[in-house]
Amino acid sequence: MISVKNLEKTFHTEGGDILVLKGINQEIQKGEKVVVVGPSGSGKSTFLRCLNLLEMPTGGEVWFEGRQINAPNCNVDQLRRKMGMVFQHFNLFPHLTVQQNITLAPITLKLKTQKEADEKAIQLLNRIGLADKAQAYPAQLSGGQKQRIAIVRALAMEPDVMLFDEPTSALDPEMVGEVLQVMKELAKEGMTMVVVTHEMNFAREVATRILFMDDGQVLEEAKPAEFFDNPKNPRLRDFLSKVL
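Residues numbered from 1 in each chain as written. Predicted model: local features only at pLDDT ≥ 70, side-chain atom pairs only at ≥ 80, totals over all residues. Heavy atoms only, no water.

> Can you walk me through the sheet that holds strand E1 (residues 2–13) in this structure?
Strands in a sheet are paired, the pairing made by backbone hydrogen bonds, and the direction either parallel or antiparallel. Here four strands make up an open sheet; going across it, the order is E2-E1-E4-E5 and the pairing antiparallel. The sheet is open, and its two borders are formed by strand E2 (16–28) and strand E5 (67–68), each paired with just one other strand. Along the sheet, helix H1 (residues 44–51) makes contact with E1, E2 and strand E4 (59–64), crossing E1 at roughly 120°. (Pairing = 2+ DSSP bridges. Helix = DSSP H or I, 4+ residues; strand = E, 2+ residues; numbered from the N terminus. Contact = heavy atoms within 4.5 Å. Axes fitted to C-alpha atoms, helices over the stretch in contact; angles between N-to-C directions.)

> Just checking my understanding: could you explain unusual backbone geometry for this structure?
Trans peptide bonds make up the majority, and among non-glycine residues the majority have a negative phi. At Leu-53, a position not held by glycine, the phi torsion is positive, near 65°. What makes Leu-53 buried here is its relative accessible area of 7%. Backbone geometry places Lys-110, a non-glycine residue, at a positive phi of 60°. In this fold, Lys-110 is placed in the loop between helix H3 (98–108) and helix H4 (114–127). (Buried < 20%, exposed > 50% of the residue type's maximum accessible area, 1.4 Å probe, protein only.)

> It is not clear to me how the nonpolar core should be interpreted in this structure. Could you clarify?
The nonpolar side chains of a soluble globular protein tend to be buried with one another. If you look at the biggest cluster of nonpolar residues, it comprises 49 residues, and the most contacted ones within it are Ile-149, Ile-151, Met-162, Phe-164, Met-183, Met-193 and Phe-227. Considering every element that reaches this core, the biggest residue donor is helix H6 (residues 173–188), with eight residues. Non-local contacts of Met-162, meaning those with residues more than four positions away in its chain, are made with Gly-84, Val-86, Ile-151, Ala-154, Leu-155, Leu-186, Met-191, Thr-192, Met-193 and Val-194. If you look at the next biggest cluster of nonpolar residues, it comprises 27 residues, including Leu-21, Leu-51, Cys-74 and Val-194. (Core = buried A, V, L, I, M, F, W, Y, C linked by side-chain atoms within 4.5 Å.)

Given below as structure tokens:
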């Protein structure tokens, strides 16, 4: 599904170059739920954003469904349609209704007629219990509702994989649960997911595999039980002692 080979990312700053990803190798299979955890500044979000080229890798290869997406001749926009992305901040268009936010991409890209897109939008809104908000504007919604709409907007493109970049970190604590619930249901249905998060209970419950990143590298990866109950890397043990 997704194959990452010796992935590197350097940011050029006035103070000099900062190497943020230091040669990451990963294979993410169809149906896997890979959760990426680690301290702030460890490169988690940069890694995720390199998977769909929101950040352009400075070295290595990213393959998706058998094609190298960071090759010069690759039509990235076409492949991105198959990769849903949910951000920390919801990025909804404030001047469009909830329904218009969801239908915009499928209609603009001519993947669906207006009628088909509207029907799909209502079906998805029903699924997350927000069909009554179809004609509301983002400003009229809570943070948790906005994030659930952002997930549904990505699902409207019928992606093969969903990427989540700290989807609950901008929410009030009481709204976190409603967003995680939608993500858990997606996981149950077999969606391939890569999730950067600080929610350790979610990682324990949903992940098929957890990656621990620090200083631009994956220092440990394991199934949840092994990861939490028998961490090998001293840096991971230290991290878990602080977050659990």
